[in-house]
Amino acid sequence: MGEWWTTETSMENYEISSISHVTMSPSRRNNLVSMYSFPLSKSSYSVISAFCTEDNIPQCISYINQELASLGLSSTCIEAISPGDTGLSTVPALNAMYELLQIHRRSMCNLEELEREQLRKSSTLEHIQMSNTRLKDQLELSIREKSGLHETERQLQLKIKTLQSCLKTEKDEVQKLQSVIASRASQYSHDAKRKEREAVKLKERLSQLLIDRKDKKLAIDVLNCLGRADGKRRHWKTTKATSSHEDEMYKSLLSDYEASQRSLMLENAELKKVLQQMKKEMMHILSPRQPSTRGATADDSQEQADLDGEAKGGDASRESLDQYCEHAREQLTNSIRQQWRKLRNHVERLDSQASQAQNQLESNKEVIPRETHEDEMERMRCEVQQCREFIHAQQQLLQQQLNTSFDDETAALLNDCYTLEEKERLKEEWRLFEEQKRNFERERKNFTEAAIRLGREKKAFEEDRASWLKNQFLNMTPFTHRRRYSSSDGQSALSIRSEPEIRMSSVKSQLAKSSTYTTFSTPRPSQSAPVPSTTELYRTLRLIPDSSSSRHSNRGRWPECSNIEDGETLVRPKNRLRSGGMSIFSLGEDENSFT
Amino acid sequence: MNFSEVFKQTNQLCKVSPDGKYLATCVQYRLVVRDVSTLQILQLYTCLDQVSHMEWSSDSLFILCAMYNRGLVQVWSLEQPDWHCKIDEGSIGLVSSRWSPDGRHILNTTEFHLRVTVWSLCTKAVSYIKYPKACQKGIDFSRDGRYMALAERRDCKDYVCVFVCDDWHLLRHFETETQDLAGLEWSPNGCVLAVWDSCLEYKVLLYSLDGRLLSTYSAYEWSLGVKSVSWSPSSQFLAIGSYDEKVRILNHITWKKITQFEHPAIIDNTKATVYKEAEKRPGVGSDEMPLHNITMGATLFNTQSKYEICPLPVQIPVVKPDPDRASPKIGISVLAFSSDSRYLATKNDNMATAVWVWDMQKMSLEAVLEQTSAVRCFQWDPLRPRLALCAGNTKLYLWSPGGCVSVQVPTEGGFQVQSLNWHCSGDSLILLGKEQLCLCYMDTDQEDKFKGTRCRLLECSFFLSGLKHSQQTQHSS
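Residues numbered from 1 in each chain as written. Chains lettered and ligands numbered in written order. Predicted model: local features only at pLDDT ≥ 70, side-chain atom pairs only at ≥ 80, totals over all residues. Heavy atoms only, no water.

To continue, consider the overall build of chain B. The helix and strand tally for chain B stands at one helix and 41 strands. Relative to its full complement of 477 residues, chain B shows a buried share of 57%. At a minimum sequence separation of 6, the contacts of chain B that also span at least 24 residues come to 46%. Approximately 19,800 Å² of chain B is accessible, and the part contributed by carbon and sulfur atoms is 50%. (Helix = DSSP H or I, 4+ residues; strand = E, 2+ residues; numbered from the N terminus. Buried < 20%, exposed > 50% of the residue type's maximum accessible area, 1.4 Å probe, protein only. Contact = heavy atoms within 4.5 Å. Areas by Shrake-Rupley, 256 points an atom, 1.4 Å probe, with all protein chains shown as cover.)

Here it is, written out as structure tokens:
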């Protein structure tokens, strides 16, 4: 109680008003306190300090009665059994006590409630104060920011001012320079003129001097005079001659103008033709769409009327085209212009229609997804909500667990759990690893087995081939079954063969090359003994067991190729050599890859 | 393609007569006239001093040889070898001498541009034209030879005089709106005179024959302006090359700009083909061209080159000009239309190794030839759309719409082509080295006719028609 009191007093500073109506009046509290301490004092404290003594029972009773009345318990009035007696009538006293106890309990309840209220209030108060301080901070910050901005603005303005002044000075400078340039230019031109005059004077003087000196050297020395190029005699300089020159000049000018006018006229006529053509085509384009739009709008009908008028006008203009009449020309251009406008409107309309249609299409396209989109959104929102709830519940559970049973033991337990889990996982991984290893082992075994099998097969195949070849040799008749062999070869035999080799395998180059091939390609030189040689046979000789599927595909087409490329091998001996080298290399490589 | 043997020449003085029959060359103080078809010497004249300028008269009958340092002009007749004519300008000096279009008058410009002296070979008469202006191109004759325009400077103002060449009658004399006239040129039809200002100001003025100002064109102000001007043979276009590395094309009706061709350092125009000359030393890759090794024996020590088509974008090497120097090496200095006005070839001075060919029908870039060395000279075939160029090395380069080819000139002693001239028939080219010249015959149907006289030295390894295709296939592979 005392503690509460102190807190209350400390709180009084903050919220006196709220407390004042929650707490009881001090007098009342004092009463309570006194009442509370009363029974205790009876037993432990001296009688003097006690409230009631043997002597003042009636006063006490009356006082208590008064108090009770003031408390509104006027119905129960404690009274002595008899006026002089010290005993009390039990029933009203007990009733009064009961009432008091009730009141006390109620007040205690109230108190508790108020306390709680107080706590809540204080917490809100704290919260409000916190937010208040935060807001204050924010305010301060924003004020600071504002001042900063003001500062920068000021600086920028200053800068602008300086720049403006700079600009002004620059402008002044430019003006000054321009005036300088102008003055210099005038000075220069003046000087130039002066110099020129001087030069002219000098020249005059010079020529005068030269003439005065009677320069003897100045002469023409011709063996005999020539005739004029046109064979005519020289004309006298007369007014007639000058006028004839003028005439001639004007004549030439005139002819030039006439020529240019002619060309312009031609151009004009051409352009007019083009215009007419355009107009006709426009009319052609515009007319078929009229029925569809006729009467649709007043505007269109107006247009139609225009067009009709136009057609007449056009005809008229065409008729008067040749007359170069101003009016006709105007009419023509006007009609073209109008029709052009119409065409443009039409095209624009078409454009807008097209764009509208497109928009519609787009909007249609959009509407459908939007619905589904919204549905989807709704669904997702629900899901999110669910998840959130789930998470919340989990959090709560966790919190509870932590609150209820978080101690070292549980922590250790949890730790153990984790390590166990880890161990489990590792074991699992180990097991996987083992399994993989086993797999690898098995594969390796398979592989070696396959290799062995392949070796065996190779051996068998070689034997087979040897026997087949033997057969072949024995009952071979050269060139008669050529086609058949080649085809059978193409299907069954396996050979390594690169493109350049195909070129080489011509009848002509065979003999020269056979030795090199045998050494490198086949392990049995006896097979390459000079037999009736066909290209097919030759190829057969160079068979080796290893082959890749890609080479099979090559093999499919060589019989045709070889015949075509025979000619080429003749022309390029260098190539042949090089390709031979290549083939050797490729063989070696294949052997490597096999083992 | 066949090449003749090499002849001597000096000062790059070598000209084919206008009728295409004779070839005149100057060797020191001698003038040699040969037959173009046989290259046999027809006439040999001896001048008084080393010739500094030589020119055929329009009728191919006379040859003018000017010796500027002596102030002398000698004229030789092809028909009458013993006829002679000597014009002495005396102490006043001589800087330029030329024929009038009729071939009977000689116009000599004296030193300091004091005057132009017109000497008549018919009457021995002499007349003076005063105040000629010393500029890039101060005199131009119209193509039909009827009129001569002359830039004049009087009282610090520019004037243009139009003379009738027939009797040197002054037809028109008018002031031009130029600060400092730099040049003038007649349109090929002879009715419009283009006049341009000096490079300090971008200004092109177009005058009618009667002196009316037709139009003025100025693309920009302040920076350096016009560097070169050229009419198309059809008189339809006027191409103006300027210091801003652009060519502007004016039309002949409104005299306004139709288009402008820029010369960017990085070409990413997908319509254009970029041919890059690739050099390679013979003998290194002998495997790759075994067939041609035998024929190339004479040129074993020369590098061979061929054109490769570069995938876009291509970076053209650019030399940044020194801004402190006068007349900076930047801008379009050479413009040339093909004879059919279909193509325009240009050269930008700060991209000295590249020649640009523009299609005038599509108004777009057609091809760029990027050489390994700086281009010296290029000229169109007078009949076909075929461009020949040289780059100061031992090779001759040809471009045609079908493709591009580089040909080694198969002569001993390192014949370096400095300049070239087409024969007027377009069948042969005259290649000028430092002190030599050589004729290059294009492959034509009449080749058999000349077989006896020409030494057939080289079978060209690439042919024009097949080249482009083969290069493309090479690329794709």
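There's more to say after this.
Scanning chain A for helices and strands turns up 16 helices and one strand. Burial statistics for chain A: of 595 residues in total, 19% are counted as buried. The contacts in chain A between residues at least 6 apart in sequence include a share of 67% that link residues at least 24 apart.

This part takes up a positive patch on the surface. A cluster of basic residues, Lys193, Arg197 and Lys201 of chain A together with Lys157 of chain B, forms a positive patch on the protein surface. For Lys157 of chain B, the location among the structural elements is in strand β17 (residues 157-164). On the basis of relative accessibility, which here comes to 40%, the residue Lys157 of chain B falls in the partly exposed class. (Patch = residues over 30% accessible without salt bridge, like charges linked within 9 Å, V, L, I, M, F, W, Y side chains within 5 Å. Salt bridge = Lys/Arg side-chain N within 4 Å of Asp/Glu carboxyl O. Lys, Arg positive; Asp, Glu negative; His and termini not counted. Charge placed at Lys NZ, Arg CZ, Asp CG, Glu CD.)

The terminal C-alpha atoms of helix α4 (residues 57-70) of chain A lie 19 Å apart, and with 14 residues this matches the ideal 20 Å at 1.5 Å per residue to within 8%. Looking at the residues trailing α4 of chain A, positive phi occurs at Gly72 of chain A, about 90°. (Expected span 1.5 Å × (residues − 1).)

Here we come to the sheet that holds strand β32 (residues 343-348) of chain B. All names here are of chain B. Strand order in the open sheet made by the six strands is β29-β28-β34-β33-β32-β31, with mixed pairing throughout. On the outer flanks of this sheet lie β29 (304-309) and β31 (332-337), each paired with one strand and no other. Adjacent strand axes in the sheet meet at a mean angle of 20° when their direction is disregarded. (Pairing = 2+ DSSP bridges. Axes fitted to C-alpha atoms, helices over the stretch in contact; angles between N-to-C directions.)

What follows is about the side chain of Ser364 of chain B. All names here are of chain B. By secondary structure assignment, the location of Ser364 is in strand β34 (residues 364-370). On the basis of relative accessibility, which here comes to 14%, the residue Ser364 falls in the buried class. Setting aside residues up to four positions removed in sequence, Ser364 forms contacts with Phe261, Trp358 and Asp359.

In this section: the interface of chain A and chain B. Across the boundary between the two partners, chain A contributes 35 residues, which contact 46 residues of chain B. For the pair chain A and chain B, the summed buried surface comes to about 4,100 Å²; carbon and sulfur atoms form 58% of the total. Counting across the chain A and chain B interface gives four salt bridges. The shortest N-O distance in the salt bridge between Glu246 of chain A and Arg172 of chain B comes to 2.8 Å. Linking chain A with chain B are eight residue pairs in polar contact (both at pLDDT 80 or more), by the criterion used here. With eleven residues, helix α6 (residues 239-293) of chain A is the largest single contributor of residues to the side of chain A that touches chain B. Split into classes, the residues belonging to the side of chain A that touches chain B amount to 15 nonpolar, five polar and 15 charged. (Buried area = accessible area lost by both parts, 1.4 Å probe. Polar contact = N/O pair within 3.5 Å; in protein donor to acceptor, adjacent residues only side chain to side chain. Nonpolar A, V, L, I, M, F, W, Y, C, P; charged D, E, K, R; others polar.)

All names here are of chain B. Taken in spatial order, the four strands of this open sheet run β19-β20-β21-β22, and their pairing is antiparallel. In this open sheet, the two strands that pair with only one neighbour each are β19 (181-186) and β22 (213-217). Averaged over all adjacent pairs, the angle separating strand axes in this sheet is 20°, with direction ignored. In the sheet, strand β20 (residues 192-197) pairs with strand β21 (residues 204-208) via five bridges, with the strands oriented antiparallel. Paired with Ala194 across the two strands is Leu206, which belongs to β21.

Moving on, we get to the UniProt feature "coiled-coil region" (unreviewed entry) in chain A. Taken from the UniProt record, the annotation "coiled-coil region" (unreviewed entry) applies to residues 185-212 and 340-367 of chain A. Helix makes up 100% of residues 185-212 of chain A and strand 0%. Its end C-alpha atoms lie 39 Å apart. (UniProt positions renumbered as here; feature names shortened; annotations may be inferred.)

Across all of its chains, the model carries 17 aromatic pairs over all chains by this definition. An angle of 40° between the planes, with centres 5.8 Å apart, marks the rings of Trp430 of chain A and Phe433 of chain A as tilted. With Trp430 of chain A and Phe433 of chain A both in helix α9 (residues 408-474) and three residues apart, the pair spans about one turn of that helix. Given the relative accessible area of 53%, Trp430 of chain A is considered exposed. The class for Phe433 of chain A is partly exposed, based on a relative accessible area of 44%. Seen from their ring centres, Trp356 of chain B and Trp358 of chain B are 6.1 Å apart, and the 5° between their planes marks the pair as stacked. Overall, Trp358 of chain B belongs to the buried group, its relative accessible area being 4%. In this structure, Arg30 of chain B is placed above the aromatic ring of Tyr29 of chain B, and the distance from its NZ or CZ to the ring centre is 5.6 Å. Above the ring of Phe7 of chain B, the side-chain terminus of Arg34 of chain B is found at 4.0 Å from the ring centroid. (Phe/Tyr/Trp six-rings, centres within 6.5 Å; stacked < 30°, edge-to-face > 60°. Lys NZ or Arg CZ within 6 Å of the ring centre and 35° of its normal.)

Taking 1.5 Å per residue as the helical rise, helix α5 (residues 90-212) of chain A with its 123 residues ought to reach 183 Å, and the 176 Å between its terminal C-alpha atoms agrees with that figure. Of the residues making up α5 of chain A, those classed as buried are Pro92, Ala93, Ala96, Ser107, Leu111, Gln118, Ser122, Ser131, Ser207 and Leu210 of chain A.

Moving on to the pairing of strand β7 (residues 53-56) of chain B. Residues and elements named next belong to chain B. Neither face of β7 is exposed, since His53 and Glu55 on one face and Met54 and Trp56 on the opposite face are all buried. Relative to strand β8 (residues 62-67), β7 runs antiparallel, the two sharing four bridges. In the sheet register, Trp56 faces β8, and the bridge partner there is Ile63. Hairpin connection between β7 and β8: a loop of five residues separates the two successive antiparallel strands, and Ser60 in this loop has a positive phi of roughly 65°.

Turning our eyes to something else, we now look at the pairing of strand β41 (residues 436-441) of chain B. Residue and element names in this part refer to chain B. Burial within β41 is extensive, with five of its six residues counted as buried. The pairing of strand β1 (residues 2-3) with β41 spans two bridges and is classified as antiparallel. Bridging across to β41, Asn2 finds its partner in Tyr441. Inspection of the sheet shows strand β2 (residues 7-8) paired to β41 by two bridges, in the antiparallel sense. By the bridge assignment, Phe7 is partnered in β41 with Leu437. By the bridge criterion, five bridges tie strand β40 (residues 428-432) to β41 in an arrangement that is antiparallel. Within β41, the position partnered with Ile430 by the bridge is Leu439.

Residues and elements named next belong to chain B. Of all hydrophobic cores here, the largest spans 35 residues; its most connected members are Val160, Leu193, Leu238 and Ile240. It is β20 that provides the largest number of residues to this core, a total of five residues. If near-sequence neighbours (up to four positions away) are discounted, Val160 is found in contact with Ala149, Leu150, Arg172, His173, Phe174, Thr176, Leu181, Leu184, Leu193 and Val195. Counting 22 residues, the second largest nonpolar core, distinct from the first, contains Ile249, Val274, Leu335 and Trp358. (Core = buried A, V, L, I, M, F, W, Y, C linked by side-chain atoms within 4.5 Å.)

Let us now look at the pattern of salt bridges. Summed over the entire model, instances satisfying the criterion amount to 36 salt bridges over all chains. Here Asp140 of chain B ties to Lys137 of chain B by a salt bridge, and the two come within 3.5 Å at their closest N and O atoms. A relative accessible area of 11% means that Asp140 of chain B is categorised as buried. Residue Lys137 of chain B is classed as partly exposed on the basis of its relative accessible area, which comes to 28%. Several salt bridges share partner residues, and in doing so they unite Glu196 of chain A together with Lys133, Arg153, Asp158 and Asp180 of chain B into one network.

Residue and element names in this part refer to chain B. Looking at chain B as a whole, its pLDDT mean stands at 84, while 88% of the residues score no less than 70. Below pLDDT 50 for its whole length, residues 446-477 participates in 46 contacts with residues either more than four positions away or in separate chains. In the model output, the complex is listed with pTM 0.58 alongside ipTM 0.72. (pLDDT = per-residue confidence, 0-100.)

Residue and element names in this part refer to chain B. Using the criterion set out here, one finds zero disulfides over all chains in the structure. Here Cys14 is not cross-linked by a disulfide; its sulfur's nearest cysteine counterpart is in Cys26, at 9.0 Å. The cysteine Cys26 is free of any disulfide, with Cys65 supplying the nearest cysteine sulfur at 4.6 Å. The class for Cys26 is buried, based on a relative accessible area of 0%. (Disulfide = S-S within 2.5 Å.)

Moving on: unusual backbone geometry. Residue Pro313 of chain B is bonded to the preceding Leu312 of chain B through a cis peptide linkage, with omega at -5°. As for its placement among the helices and strands, Pro313 of chain B is situated in the loop between β29 and β30 (314-315).

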